[in-house]
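# Descriptive analysis of the structure
Given next are the chains, with one letter for each unit.
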Amino acid sequence: MRELEELLSPARTRRDVPGASKKAIFEEVAALVAADHPDLDPGDFIGKLLAREKLGSTGLGGGIAIPHCRLASCTRPLGALVTLREPADFDAPDDAPVDILFVLLVPEEAHQEHLDILAAIARLFSQPALRAALRACDSDRVLYDTAIGWEG
């Protein structure tokens, strides 16, 4: 998925992220995003992700979740890819805990673009071979390279 390279950066890709709850995980991801994009308010981002989770799970099954939200301060779609140190409950449809998250932030007005990107990411991460490859990565850079270079 070539668009993944436009969404993701090495600075927003991290393996072995701690976090026993959605809130703790989102705090870790917000710190990653804020370090790379200081114009985004981590508190706003965390609050919107938690509010979205209350509407329904962003867990896809197979250990994957795609938490997402729209932010007024976001000027273009951004993603963060993390693997978790310990799998976390995301109320996925298969009841499996989540250990890989792709967090998506889009501009407030990007309604259709938001849906299109979500659908493409869901298709990509629904591939068992990609999930296995991501879980086998031994560094942040390898995780990034594996994700953006995936041709499966």
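Higher on the page you've got the structure.
Here's what I pulled together on the structure shown here. (Residues numbered from 1 in each chain as written. Predicted model: local features only at pLDDT ≥ 70, side-chain atom pairs only at ≥ 80, totals over all residues. Heavy atoms only, no water.)

Bringing the packing of aromatic side chains into the picture now. As enumerated under the stated definition, the model contains two aromatic pairs in all. Judged by centre distance (6.1 Å) and plane angle (70°), the ring pair of Phe26 and Phe90 falls under edge-to-face. Highlighted residues: Phe26 in helix α2 (residues 22-36) and Phe90 in the loop between β5 (78-88) and β6 (98-107), separated in sequence by 64 residues. As far as burial versus exposure is concerned, Phe26 and Phe90 are alike and both buried. Seen from their ring centres, Phe102 and Phe125 are 5.8 Å apart, and the 40° between their planes marks the pair as tilted. Of this pair, Phe102 sits in strand β6 while Phe125 sits in helix α4 (residues 111-125), and the two are 23 residues apart along the sequence. A residue is classified by how much of its surface remains accessible, and Phe102, at 1% relative accessible area, is buried. Accessibility expressed as a relative area gives 1% for Phe125, which makes it buried. (Phe/Tyr/Trp six-rings, centres within 6.5 Å; stacked < 30°, edge-to-face > 60°. Helix = DSSP H or I, 4+ residues; strand = E, 2+ residues; numbered from the N terminus. Buried < 20%, exposed > 50% of the residue type's maximum accessible area, 1.4 Å probe, protein only.)

No statement about biological role is implied by the geometric values presented.
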